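Inside the fold
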Amino acid sequence: MKILQKLNGKDFVILNLSDPQMNDSEWNEDHPYRPILEYTIKELVTRHSPDLITVTGDMAYPRHFHSYEMLAQLLDSFSIPWAFVWGNHDHQDGIESVLEAAKLFKKHPLCQFEDGEPIFGNGNYILGINEGEQPVTALFMIDSHNSTDYTKENGEKSWAYDKLWPDQLAWIGEQAAALKEIGYKDGLMMLHIPLNAYRAAAKTVFTSGRCGHVDGYGDLNEPICSYPAEDGALTMLKESGLITHVLAGHDHCNNFIIPYEGIQMMFACKTGPGCYWKASINGGTIITIGENGIKNARHDFVDVTHLMEGKDIHEHQTDYERQIL
Ligand SMILES: [Fe+2]
């Protein structure tokens, strides 16, 4: 487990980016996506001076190694540590492409990524944030895989976005218990595909597509693309006694943060126009950690309209109907 140092008397700030998801050619100098992504990230770094940058998956597409490398170089340019988890698009061509991209990222000394146990996928690892010798917050960087076979209630064979696997959940729970034992105060689990419990969390809150919960905020602009049935993750989190926050990517136009059964269920703010997006909610997520653990998690939006003028940039237009939940 790698340890990152929080300075005494100063908050530790994480800037999370999500789903940049550019293909190789979208990094070309003359492609309109590139300046938008670069401007967004640079602006967020300037505003928040983070101690760590994280990316909650879908960094690119499988075998788009130029795209992975360009993102790595951009993150390196800020001279602070960075880390990531894989998304379903990173995985969609099988594990070989993921392992090749992992090799590429690990050549960058600021990258904190670790492969972790291969039986749980790739990239299950923990980062500890300590103040001197004192443990504070543990970051659980978790691989949420790609898709899986799924049988619908009517017996129809289908597919679904994957869930965290039972052995993987057990491992996270064991690690959390051990870290709590040695003094970690809380934990944040970062993964790409949201947990099934995000659906139940959303149902407690949304009445008209916009969050009205006194403790939550954010938007629900599209269906929650999690595994469709109970996945066991919420039970594990509650029993862990340590993990208080979950941050997922994947749904580019959902960005709610809702407390549910004692856990903050958070969608990361999508960064840049890659794949699909809503320009009005372009940005990142800022997690602030004090001496007693996580103090705050909020999105910060970056206006990029000046970079879109005259450019052919598609935006997500769906008016989401809440009965899809
Ligand atoms: Fe995704």
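Scroll up to find the structure this text is about.
Here is what the cut-offs are and how they apply
Residues numbered from 1 in each chain as written. Predicted model: local features only at pLDDT ≥ 70, side-chain atom pairs only at ≥ 80, totals over all residues. Heavy atoms only, no water. Buried < 20%, exposed > 50% of the residue type's maximum accessible area, 1.4 Å probe, protein only. Helix = DSSP H or I, 4+ residues; strand = E, 2+ residues; numbered from the N terminus. Pairing = 2+ DSSP bridges. Donors = N, O, S within 2.8 Å, 3.2 Å for Na, K, Ca; no water. Tetrahedral: all angles 85-135°; square planar, octahedral: opposite > 155°, others 65-115°. Axes fitted to C-alpha atoms, helices over the stretch in contact; angles between N-to-C directions. Contact = heavy atoms within 4.5 Å.

Of all 7 residues in strand β5 (residues 125-131), 7 are buried, a share of seventy percent or more. Burial along β5 is two-sided: the residues Y125, L127, I129 and E131 and I126, G128 and N130 are all buried. Two elements, strand β1 (residues 2-5) and β5, share 4 bridges in a ladder whose sense is parallel. Residue I3 lies in a different strand from β5, and its bridge partner there is G128. As paired strands, β5 and strand β6 (residues 134-141) are joined by 7 bridges and run antiparallel to one another. Its bridge partner lying in β6, E131 is registered against Q134. The antiparallel hairpin formed by β5 and β6 contains 2 residues in its connecting segment, where G132 sits at a positive phi of about 60°.

Moving on, we get to the coordination of the iron ion. Within the protein, the iron ion binds to D58 (OD), N88 (OD1), H192 (NE2) and H250 (ND1); these donor distances fall in the range 2.1 to 2.3 Å. Given 4 donor atoms and angles of 85 to 173° at the metal, the environment of the iron ion is assigned as irregular. In the primary structure, the donors to the iron ion are separated according to the pattern D-x29-N-x103-H-x57-H. With D58 in the loop between β3 (52-56) and α2 (65-76) and H192 in the loop between β9 (186-191) and α6 (197-203), this residue pair connects regions lying 134 residues apart in the sequence. A relative accessible area of 0% means that H192 is categorised as buried.

Moving on, we come to the pairing of strand β12 (residues 263-267). Across the 5 residues of β12, 4 count as buried, placing the element largely inside the fold. Strand direction decides the pairing type here: strand β10 (residues 243-248) and β12, joined by 4 bridges, are parallel. Among the inter-strand pairings, H245 is bridged to a residue of β12, identified as Q264. Here strand β11 (residues 257-260) pairs with β12 via 4 bridges, running antiparallel.

With respect to topology, 5 strands assemble into an open sheet ordered β4-β3-β2-β13-β14, the strand pairing being mixed. Two strands bound the open sheet, and with one partner strand each, they are β4 (82-85) and β14 (293-301). Geometrically, the sheet is characterised by an average inter-axis angle of 20° between neighbouring strands, direction not taken into account. Pairing geometry for strand β2 (residues 12-17) and β3, over 4 bridges, is parallel. Within the sheet, the bridge partner assigned to N16 lies in β3 and is T54. Sitting on the sheet, α2 is in contact with β2, β3 and β4, with an inclination near 145° to β4.

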